[in-house]
Amino acid sequence: MMCENFHNLIASRHQARDVSTSDVTVLRDAVMQLIASHQDVNQLLSEASSIVADGEPACDAERPEKKARKNQSSLDLDLDAISVYQCISVLKQRAHLTACPLSISAATFCAQKLVEISSRCPGSWLHDKDQKSVSVIIDVIKKLIEEDDFNKQGFVAIICKRELANVGILWMLHLSSIFTLSDFITASVRSPAIVTAFTANLAEVCIDGGDDADAVSRLLAYVVDKAFGDAESEVEDSTRVKKVLMAILSKVLGRVLDFVRFSDQLSWKNPFAWIFDGEILDRTPCKAFQTHAIKFMLGYKCSVKASAAVSEQCLWTSGKTSEALRSLFDTLCLSFEADELASILKAVLDNHEVNWQLLLCFSTFYLLHFQDAPRLLTSIITCSLAHAFEQLEEEDMLTAFLLARQASLEGTHVFPTYDSWFTKTFREPHTLARTKKSFAFFVRFLAQLVPYETHVPFLKVQITRLPFVPPKCRSLLADYVALAKTRLLDLHVPAEELNMLTTSTSVSTSASTSVSHAAKDQLVERAEQDVNKFVAAFEKNGKIPPAIIETSILHKPFYVGKLLPALLKPRPLPGQPDSLVRLIEALKAADKIPASMYSGYRKGCEREMQQLVSGVFESDDEDLSIPPMQQLQHSVQKLQRTVSGKAEGKKTVSELLSVISERTQAVAAIKTGTITFPQTCDIITLDEEIPEDEKINMQIVDVLLNGFCKMVVTPTQNSDSETLKGAPQYVAMLSGFAGLQPALYRQLMSLICTEVALHDHHLQGLARLLMLIANTGSDFRLARLHITTECKSFTDVIAASLPTFTKSSMIKTLKLCALILDYALGHAEERSGLRSERSSDNLFINVPEDFVRKFAYLVPRLCTEARSSACRTPSVSVDTALGTRWQEMVLRLWRLQPIHLMVQKSIMSFEEWAVSEMRVVLNEDYLDGVSRQDYFAWVVHTRFIPALSQHGGCDGSHAKACSIVFEALLKDAASSSFGSSKEKWRTHFRGTPCQPERTMGGRGQSRVLLLLLLQELLCLLPPAQESWLLGEFQQLLLVGGRAKQQAEVVAFVGILQHLPAYLLFCNKPCDWTEEQSLTRFRHFVNVTRLYCYDAVGLDSNLTATICKGMTLTEGQSSPFAGLLLVKLLESEPVLTGSVMLHWCQLSTSLLDLCYVHKAKHLETVFKEMDAMQQLATRVLEDGEAIKSPPAQSWLLAISLFSQLRATASDHAWLRSGGAQQDMQVMESLMLCFAAELILSTETLQVLALSSAVALKQPPCLCVFDKRSANTIKSHLLTDLQLKMLPWAFFRILHELRCQQAVMQELQSEGWFGDLLQVNHADLCDLHASMESDEEWKWIRYEQGLDLHFMLKASKLMQSCEIASRDNKKLL
């Protein structure tokens, strides 16, 4: 403080030295500058004013007021309350009062005022009041400069001296051109303290954001322009200034990085986001700064070591990166293309030490935000690996592994799984580690990573997907596997699970995978239940439950591997210790928890609490306290809002998909105990029962499918291409979860291939999903409906399984196919703002053919407009169920040229159409009866018959059309149950007879429509000498084995009964005159008798059909035809015997038919058979002796057998004695009952009748001698019946064993002993053949030909032989 009078001081200097006026002026200016540099000018002026005022005369009347005004003006100025002119006026008065030049006084005053304002807010941006004060000062300075009354040099000197570094003040001075930032840096370039203060203040403003973000961004833009711009600077020492500015920007960027790395404040305003606008900053300095900033950022504070990166990189995924850091990445990458950023990243990796946390976070951002990033990042990884193996450089190897692992954590929508990458890179023989030296280097590197591994799935992959091993290197790999397993034990992976990890290069089967997961799930559930019990017990008495101590001693693997991990599951710890915390502390005090596990538990809890407090999840509506499934649902909903443009956050679709991928794994971890789905290449069998551990996957699939459908169909307000491409990325993410795909496939099959009703938006989403799955290709596992069916891609399987049985299924299938074709054409993308890049030739390259076939089948069936060849004018549909909008869309697609060409290539054939129509449920069909007839007439006669065979048609041939329909009916009937209800067991064995099914499969009335269609087409067959139907029968026998032939022959006979019977001989009865055509018919009879047989003849239905056909043919052909047919009937004992066997049922209808059609020759034969039947009736009723010509004895025997079997009881004729019967008749009758016994399931009844025949005339048993001749044995019995005759013989003989008179009579016969021995030998051969030939094994179960029966037969033979010898001795 000055204590002396200023004027006295000056006066004393005048007395000491006489100087001129100019010298005085110069001296005064120098003094004022000196004072300004070292004194408070306001205080100095105040003191000087008071001294001068006291020395003035007191007589001045205005003196008090004047003094007060001077004092007020000299002390403080309220800049908010005065104008610029008032301020200048006060400054002039003070300059006059103090005799100080106005330029110096004003410069000093303004500089001091700015310093005073800066002291109030040293670093932050100016408040409104301070900005107004500074504005007044700036206006004052501008005015004084205009009047040339301002000392700028002194103003700058004071600012620099007082270290004014407030960013807001300097920026306002810069904008007013009074003191630019370049001037400030130039003046302060040799003052590190000022530059440091300015840098700190600028960083604080960037972090806080300030009240004016635009002003802050413009300030940064100016600094960037001066630091990186190419314009020549007028400032001296410009090179040094640029370096200083670059250093300032680097320091600021470093401070910002320190803030954004650990902050997730959504309110942070990124100041760099505004400076790269083209209107603010030119592209050249902008891009130069961004390049510098990225390189600086990736190398900033390289304190994160590689070991820490290996351990903690799972915490650096996109979902766990702060929003502020992602915003900064987005700003710095704004001006670059993907390849440019890849070059920068490669240069940093090659030439700089890096901060692994920032680099991996940046690589994640790059991967998710640039379309070509996956390819370019893969190239960087590949180059690093190549250089690493070439130079044996571990740093490059580490770089490749860290980048690949980090990318794999983001989901398969951007990068393959680690499993896939590791397998593809190191398991093939062409791997880089194919030599002993390179392989040793590779294994040594993996071993060095082991101590720092914390992510269990990475280690599991490296154990289960072992690399290609060169010769003599197996021991190296074994050592590594042992080391890795030890590390897994340290990471609390149960020993049971380690034992299930394969050490071979093969992929585990789905069965072992499911078993391992089931066992692991049981252990996890048991551990969780035990923990709950232990905590509840601890709450009661505060003591450690004895069960824990017992488990830790007796079941230590379970205790360490499962129980402790369940007990020590990290969580945000409560403020007051709860029962679980106290139990853990008690166990720790009892030394029951390993120190490493307890340390990991505490760190995990701290991490959970830090995430909970800092808000790892980007919005406040996401809470770590909610269950993982709800977190997944929330993320899916947020993705939908982002796509629609309604989301408030700034995350992109790729980033959100990475979060969804991470949370999907988290949900699965609840059940499976692992955060990685099993990566297998097994085929998915869709009809298998859903495993218990897959039910959680079904819940996940429901959430993901709902989210996908809503995302696809939600109207979008965002035109960003990345947002519109979210659907392909979504499906790519799904493809990475191989273990999730079985649940996904089953759920899609359930939704699409059943009668489940779906809304249109669901169909749109599912259609889009199927198309994307088809485009993704090999990333999805193959599937099959059943374990016996062919494996295909899932879209092929689901396309082939689309139902068209009912009205609702037809409509749903047609809508789905139309949507898929619409997507394939690119129309949906065009409406969404995307353009398809595919050529017209490749539009349908990935569309499964069955989608096109079903579309081509359903459109003309459901829309009558599509049946017109022109199809140009739309009309009203037959049924409004399809809807006007859908009908218009379907017809629009139908008329398009690409669709038309695709339909021609993939059109459904006539046979496929017939099969599809047979599956339609008539009472639930889309078409009514009349409409269906119109449709059948159009499709058959307009589309298929005229079309060429290569287009699925019939080449204009009605015969071919008949063959196609008949073959479809045949296959359908053969694939259904075709056995008789009483003898269904026979259908399961080869070579066994069976009855044709009268209902032909029982699949519904649709088959009847096809039969009617076939009958209609048969009427259009051209005249021919050979039967079309027998030609089809010949073709049937050429294909397939015996079992298939059996099924198809029975089905053929079943269909035959619904067709005109004359087709067995000719296409039209009036044209048949050829005897040679009977050859095919004889062959038909000989084949069908093997499968459609009834004891000693053909089945009654087949016999009736044959007789009806013969009658119609004779009646409508020439007389010569009748003679041929009679000759045929007499020459084929099978036919004659079959007619005789069923004459009771056929007689009336056949005789009437012969009379109506005038079939005189056949009528004569049939009347003879009727006479034979009447004779048999008299014999049975009157008991008269059988006297007939020997040539007809077998027919009489068949007639007797037919009537005896029909009575279903022991007839009185059999019990009566009387005259001796004809031996040939009785032998033939015995053979008939033996044949029936072999085939019948009612064994006891038939056995009783057989025994009665033997009792009536015992010598008839000699017919069982294989050397005896008999028409029935030689012509009517099948190979099976002949082979089974010894069995029938012993069954009948065993039934007669109690009849002593009969047995004695037989034993007295000399031939009986030989008959016993021969039949017993044949029976032994039959039993032996059962053991070696699968064809005969069924006899053991169905006819009881087992060891017990063989023992009874042997005992019976021995007893008969003993009795026979005794009789001979008596004689």
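Bear in mind that the values here come from a model prediction, so they are computed numbers and not experimental data.

(A) The pattern of salt bridges, seen in detail. Evaluated as defined, the whole model comprises 25 salt bridges. Where D925 meets R932, a salt bridge forms, and the shortest distance between an N and an O atom there is 3.0 Å. Per residue, the accessibility class of D925 equals that of R932, and both read buried. Here D972 makes a salt bridge to R1007, at a shortest N to O gap of 2.1 Å. Taken together, the residues span a long stretch of sequence, with D972 in helix α47 (residues 958–975) and R1007 in helix α48 (residues 1006–1018) at a distance of 35 residues. For the residue pair D972 and R1007, the accessibility class agrees, reading buried in each case.

(B) Representation of the confidence of the model for the chain in the model. The pLDDT averaged across the chain works out to 75; a share of 76% of its residues lies at or above 70. Ignoring residues within four places in sequence, the model shows residues 671–680, a span with pLDDT below 50, making 38 contacts including any to other chains.

(C) Looking closely at the packing of helix α21 (residues 394–408) against helix α22 (residues 418–426). Between α21 and α22, whose axes approach to 9 Å, the crossing angle comes to 140 degrees. In this structure, α21 contributes F401, A404, R405 and S408 to the contact, and α22 contributes Y418, W421, F422 and F426. Each residue belonging to the contact of α21 with α22 can be placed in one class, and the counts come to six nonpolar, one polar and one charged.

(D) Representation of the packing of aromatic side chains within the structure. Within the structure shown, the criterion is met by 41 aromatic pairs. Consider the rings of F296 and Y300, whose centres lie 5.4 Å apart with planes at 45 degrees: the pair is tilted. Overall, F296 belongs to the partly exposed group, its relative accessible area being 22%. Within the aromatic cluster, the residues linked to one another by ring pairs are F389, F401, Y418, W421, F422, F426, F441, F442, F445 and F458. Looking at K588, its charged tip hangs above the ring of Y598, at a distance of 5.3 Å from the centre. In this structure, R768 packs its charged tip against the face of Y823, placed 5.2 Å from the ring centre.

(E) Quick peek at the environment of L580. For L580, the position within the fold is in helix α30 (residues 579–589). Each C-alpha atom of the pair L580 and V531 lies 9.0 Å from the other, and the pair is 49 residues apart in sequence. Filtering out sequence-adjacent residues up to four positions away, L580 remains in contact with V535, L567 and R571.

How each quantity is defined
Residues numbered from 1 in each chain as written. Predicted model: local features only at pLDDT ≥ 70, side-chain atom pairs only at ≥ 80, totals over all residues. Heavy atoms only, no water. Salt bridge = Lys/Arg side-chain N within 4 Å of Asp/Glu carboxyl O. Buried < 20%, exposed > 50% of the residue type's maximum accessible area, 1.4 Å probe, protein only. Helix = DSSP H or I, 4+ residues; strand = E, 2+ residues; numbered from the N terminus. pLDDT = per-residue confidence, 0-100. Contact = heavy atoms within 4.5 Å. Axes fitted to C-alpha atoms, helices over the stretch in contact; angles between N-to-C directions. Nonpolar A, V, L, I, M, F, W, Y, C, P; charged D, E, K, R; others polar. Phe/Tyr/Trp six-rings, centres within 6.5 Å; stacked < 30°, edge-to-face > 60°. Lys NZ or Arg CZ within 6 Å of the ring centre and 35° of its normal.

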